[in-house]
Amino acid sequence: MSTIMNAGIIPLPKILDLRGNLSFVENMNQIPFSICRTYWLYDVPGGESRGGHAYRENEEFVVALSGSFDVMLDDGFKKQVFTLNRSYYGLYIPKGLWREMDNFSTNSFALEFGSVPFDEGDYVRDYNEFVQLKTHGKI
Ligand code: TYD
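Residue numbers restart at each chain and count upward from 1, following the sequence in its written direction. The predicted nature of this model means local features are confined to residues of pLDDT at least 70 and side-chain atom pairs, given and counted, to a pLDDT of 80 or more, with totals for whole chains, interfaces and linings taken over all residues. Calculated side-chain values reflect all of the structure's heavy atoms, with hydrogen atoms and water omitted.

Once that is clear, we can look at helix α1 (residues 127-135). Here the term buried applies to any residue with accessible area under 20% of the maximum for its type, exposed to any over 50%, and partly exposed to those in between, with areas from a 1.4 Å probe on protein chains only. A run of DSSP states H or I qualifies as a helix once it reaches four residues; a run of E qualifies as a strand once it reaches two. Both are numbered from the N-terminal end. Among the residues of α1, Phe130, Leu133 and Lys134 are the ones counted as buried. Around the axis of α1, the buried residues are gathered within 100° of arc, so they sit on the same side. When checking whether two residues touch, look at their non-hydrogen atoms; a contact exists if any pair is within 4.5 Å. Against β3 (50-55), β5 (69-74), β8 (98-102) and β10 (123-124) lie the buried residues of α1. Where α1 begins, one side-chain oxygen reaches toward the backbone nitrogen of Asn128, 3.1 Å away; that side chain belongs to Asp126. Just downstream of α1, Gly137 is the residue with a positive phi angle, here 65°. As used here, the arc belongs to the directions running from the helix axis to the C-beta atoms. N or O atoms within 3.5 Å of each other form a polar contact, as long as, within protein, one can give a hydrogen and the other can take it, and as long as residues adjacent in sequence are counted only when both atoms are side-chain atoms.

Rendered as structure tokens:
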């Protein structure tokens, strides 16, 4: 069963160049799973929050390609906030953690990689249900 301890910031390769810098990710390398899906968040209005759910199976890797935002992770017992504000750091989020994203800066751009195809059935969107599932080791 995943806990906050299984989540964490992963530094990405950074190829410095006077022409501009370059970073990259590879399956099972910087990203500790095989990428199945990529999506992105953009034009998030000031003060809005995203997330507010957990995934039963989906693992994620989140990069702030521009701007900054906070990702709050919760394993049912403990919470931790990760601030993402550099395009050469990613946050690995194992399955089974509640997550919320907020404090999006103007023009922030969140790139998210997932390990499984989109499936609404993979979501737990009710926090009390999440805590119950977590307490009983079912997520
Ligand atoms: P959701 O995952 O709840 O967004 P966030 O966690 O960023 O707040 O998704 C919002 C909507 O977009 C929801 O109706 C499902 C849909 N969606 C897809 O169709 N495909 C996807 O890959 C994702 C991530 C979401």
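The rest of the description comes next.
The subject of this paragraph is a nonpolar patch on the surface. Among the surface-exposed residues, Ile15, Leu22 and Phe24 lie close enough to one another that they form a single nonpolar patch of about 260 Å² accessible area. Note that Leu22 resides in the loop between β1 (8-11) and β2 (37-41). For Leu22, a relative accessible area of 47% gives the class partly exposed. Think of a patch as exposed residues, more than 30% relative accessible area, with no salt bridge, where like charges cluster within 9 Å and nonpolar side chains (Val, Leu, Ile, Met, Phe, Trp, Tyr) cluster within 5 Å. Surface accessibility in these figures is a Shrake-Rupley result with a 1.4 Å probe; residues are shielded only by whichever protein chains are displayed. Every case where a carboxyl oxygen of Asp or Glu lies within 4 Å of a side-chain nitrogen of Lys or Arg is listed as a salt bridge.

Of note, Asn103 is a non-glycine position whose phi angle comes to about 55°, a positive value. Mapped onto the secondary structure, Asn103 falls in the loop between β8 and β9 (109-114). Taking relative accessible area as the criterion, Asn103 reaches 51% and is therefore assigned exposed. In this structure, Asn107 takes a positive phi of about 65° despite not being glycine. On the secondary structure map, Asn107 appears in the loop between β8 and β9.

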